[in-house]
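What the coordinates show
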Amino acid sequence: MTRPDRRQQAALSTAFAGAIDLSALANRPAPGAAPAPDAKPPSKYNIDVTEATFGEVVQASTEVLVVFDLWSARSALSASLSAILNDVVDGGHGAWVLARIDVDTNPRVAQAFQAREIPTIIAVAGGQPVDAYAGPADEKSVRTWITGLLDALRDRLPGIKAAEDAAGIEPGPAAPEEDPRFLAAEDALMVADYETARTELEQILAEEPGNERATAALAQTLFLAHTDALPADTVAAADADPDNVPLQCDAADIQVSAGEVQAAFDRLIGVVKRTAGDERTAAREHLLSLFGLFAVDDDQVKQARRALAAALY
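Before going into details, it helps to say that this report is about the structure given with it. (Residues numbered from 1 in each chain as written. Predicted model: local features only at pLDDT ≥ 70, side-chain atom pairs only at ≥ 80, totals over all residues. Heavy atoms only, no water.)

Roughly 300 Å³ of volume is contained in the second largest pocket. Broken down by secondary-structure element, the contributors of at least two residues to the lining of the second largest pocket are α4 (76-90) and α13 (261-274). Of the residues in the lining of the second largest pocket, the class split is eight nonpolar, six polar and three charged. (1 Å grid on protein atoms, 1.4 Å probe; cavity = no way out; pocket = protein on both sides within 12 Å on 5 of 7 lines; lining within 4 Å. Points joined across faces, edges and corners; volume = space filled by probe spheres on them. Helix = DSSP H or I, 4+ residues; strand = E, 2+ residues; numbered from the N terminus. Nonpolar A, V, L, I, M, F, W, Y, C, P; charged D, E, K, R; others polar.)

This is the structure:
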């Protein structure tokens, strides 16, 4: 998961104002809002938000978790994630609220969130962003992310427990206490200080070489540092030069960072199919390194592993 930049928090805090009775907005289409791309009717906890109602909805985050879905009809991934979020929020029975924002008709909200790509999914609690979803577009991963947020925020946001009590939902076991050794690394990542984050994580691994969390966090840190340094036109350049294997690897990294995981995997599998020797090895090894950024049982990874095996043999 990606923690929002402190600069983003400052920008948002100036935009957050107002008060809201959430029931007044529930399932009410926003004026001028585009139709939702969900596969089934919107949940009553799924709210369309405009620039005019943005501050009011954020104020509701003092009571319950609010997850903002910044989407666009131009993005196929937006439609997929929006549908998944709509399914998951319905099962929350009001412990959290999905606030959907069409960035094409509400660009100032996207600017307030400093959204660099669409879709962007940001969780807000107490008027401040607390996390951003950076996982794959599958229900299991989204549900796990939401559950973790609810567990972490249940004691801070009274509406979570009230909604769960009303629905007869038994919360899961309490979240484990935060390991303080990771705080410095997380703070560094919040301001894109990848060098400091790397140093802190490497120190943890020096003390405890088998720490799986530190190993995964270090891989994510190195990946973010690399992708942030790549030119904005990397994917277009790779599309124009399909025989350039290093460029194809960089383009795949950009696509993964933008949530276009399947496209990234397909790109490198295609390189494996049409190359040989050292180039083929480089593409295969890079694809395997991208697999390592995801959970072992991730469905997209499992499918891509099968496709890679077919491409190799």
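Moving on from the coordinates now.
It is worth spelling out the sheet that holds strand β5 (residues 128-132) at this point. Sheet strands pair by backbone hydrogen bonding; their relative direction is either parallel or antiparallel. Reading across the sheet, the five strands line up as β1-β3-β2-β4-β5 and stay open at both edges, with mixed pairing between neighbours. Both edges of this open sheet fall to β1 (46-48) and β5, since each of them pairs with a single strand only. Recorded for the sheet is a direction-independent mean angle of 30° between the axes of neighbouring strands. Each of β1, β2 (65-71), β3 (96-102) and β4 (120-125) touches α4; the most contacted strand, β3, lies at about 155° to it. (Pairing = 2+ DSSP bridges. Axes fitted to C-alpha atoms, helices over the stretch in contact; angles between N-to-C directions. Contact = heavy atoms within 4.5 Å.)

Counted at 1.5 Å a residue, the expected span for α4 with its 15 residues is 21 Å, and the 22 Å between its end C-alpha atoms agrees. Residues of α4 that are buried include every one of S78, L81, S82, A83, I84, L85, N86, V88 and V89, and no others. (Expected span 1.5 Å × (residues − 1). Buried < 20%, exposed > 50% of the residue type's maximum accessible area, 1.4 Å probe, protein only.)

Moving on: the side chain of Q255. Among the structural elements, Q255 can be located in helix α12 (residues 245-257). Here Q255 falls in the buried class, since its relative accessible area comes to 7%. In contact with Q255, other than residues within four places in its own chain, are V235, E260, V261, A263, A264 and R267.

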